[in-house]
Structures are given as C-alpha cells and as structure tokens.
Amino acid sequence: MTVAWSKVKLVIFDLDGTLYEDTHHFEFYAEELSKKLEPEKRELFWNDYQSILKGNHPVAVGRIYDAKRDRILTVNPENNNVVKVFDWEGTELDEQSYYSGSLTYDFDHLIAIGDGWWLPVAAAKHYGVGSTYDSYCKTKDYMQTDEFTFADNPGLREALLHLGEKRTLSL
C-alpha cells in the first residue's frame, strides 16, 4: 500500500483493534461457532456459510439478520427503514410492514452485518446457536497467539511509523 502522505489531512483508525487486512480468522470463528451446533446441523451450517462467502446467499455484508424471525433484511441507509425481506433460502417476502419505522440493532436478535465477523454469526443463529460471544472471545484470544499470523500487508509498518513521526493533536 503506497500512501501519498503529503496529501493526507486526517487519518482515523477504528478503535476496536482491527488494523489489518485479513479474513482467515473468520474461518476459525466459524469453526468455534459450529462446535456449538448439534452434529447433524454442522454440515448444513458449513454449506450455508460457504454459500454466503461466495455471494450465493441472501445473507451479506450490508444487510440485517433478524434472528428471532429468521429473516434477512435490506434497509434504506438514510432512515433504517426496511426495504426488502427475504427468508433464509432467498425468497423475497412481502413482510416490510412487520418492521415499522427505523430499526434498532443489537448483537443477538436484530444484527447489522457490517463486516465478516457477522456472516458466520447469522448462519450459526439460523441453526440455533444462542450467544456467540464466547466464540468471538476464543477467536480474539487465538489471534494473539504465535499460531496466528496476519497476511502480509506491505508498507503498513512504515506507514504507521510515518504517522507516529508526523502526529499532531488538534482539538
């Protein structure tokens, strides 16, 4: 990654510790979630998860998963109102009226799928997993071990060092 630092006016990092470009830890997370499933549901989970990753499933980044009703929602980003409703198989349903007004998301029932962390969660919840937090913590712990390595991101270290040299604080 080459950055034209002379043109950069502001750099914002997300504050949850995710300064990387990698996805293989999501496989570990999915594995941890699958361990919580009944054995007969694990193959179904993996088939759906692979379908999701390939873009052949209604669950996708940018959508909402309603774990209580097992529905996938698309929303208008300006007002969070539901635009489309799909069942797990991808059939569009005429159920927008069930979701009146702007949605409020949480981590268990009405889940905003904002990145790859939430894709296996939706599949796991579809197959009956309750809390996913312990699997998330196991994955984060694994990411701090010597077994785990991030994909190489050429230039990242140098870019961060450069930022450290040039940092200023303005309020």
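Right above here is the structure, for reference.
Given the structure is predicted, the values throughout are model-derived calculations rather than measurements.

Criteria and cut-off values
Residues numbered from 1 in each chain as written. Predicted model: local features only at pLDDT ≥ 70, side-chain atom pairs only at ≥ 80, totals over all residues. Heavy atoms only, no water. Core = buried A, V, L, I, M, F, W, Y, C linked by side-chain atoms within 4.5 Å. Buried < 20%, exposed > 50% of the residue type's maximum accessible area, 1.4 Å probe, protein only. Helix = DSSP H or I, 4+ residues; strand = E, 2+ residues; numbered from the N terminus. Contact = heavy atoms within 4.5 Å. Pairing = 2+ DSSP bridges.

**Some words on the nonpolar core**
And step 1. If you look at the biggest cluster of nonpolar residues, it comprises 28 residues, and the most contacted ones within it are F45, V59, Y65, W88 and I113.
And step 2. Elements supplying a minimum of two residues to this core: helix 1 (24-34), helix 2 (39-53) and helix 3 (118-126).
And step 3. Among the elements that line this core, the one with the most residues is helix 3, at 6 residues.
And step 4. Leaving out residues up to four positions away in the same chain, V59 has contacts with I52, I72, W88, I113, L119 and A122.
And step 5. Core analysis: the next-biggest nonpolar cluster, separate from the first, contains 9 residues, V75, V85, L93 and L110 among them.

**Structural notes on the pairing of strand 2 (residues 71-75)**
Strand residues, when the strand is regular, have side chains that alternate between the two faces of the sheet.
And step 1. With 5 of 5 residues buried, strand 2 is to be regarded as a mostly interior element.
And step 2. Residues of strand 2 alternate between two faces, with R71, L73 and V75 on one and I72 and T74 on the opposite face, all of them buried.
And step 3. Alignment of strand 1 (residues 64-66) against strand 2, held across 3 bridges, turns out to be antiparallel. Residue pairing for strand 2: D66 is matched across the bridge by R71.
And step 4. Hairpin geometry of strand 1 and strand 2 is characterised by an intervening segment of 4 residues between the two adjacent antiparallel strands and by a positive phi of about 55° at D70.
And step 5. Here strand 2 runs beside strand 3 (residues 82-86); their pairing, made up of 4 bridges, is antiparallel. Bridge pairing in strand 3 links L73 to V85.
And step 6. Counting the residues in the hairpin turn of strand 2 and strand 3 gives 6 residues, including N80, whose phi is positive at 60°.

**Let's talk about unusual backbone geometry**
And step 1. Phi at D70 is positive, roughly 55°, even though this residue is not glycine.
And step 2. Among the structural elements, D70 can be located in the loop between strand 1 and strand 2.

**Remarks on the environment of D94**
And step 1. The topology assignment puts D94 in the loop between strand 4 (92-93) and strand 5 (110-112).
And step 2. For D94, a relative accessible area of 74% gives the class exposed.
And step 3. Spatially, the C-alpha atoms of D94 and K84 are 7.8 Å apart, while their sequence positions differ by 10 residues.

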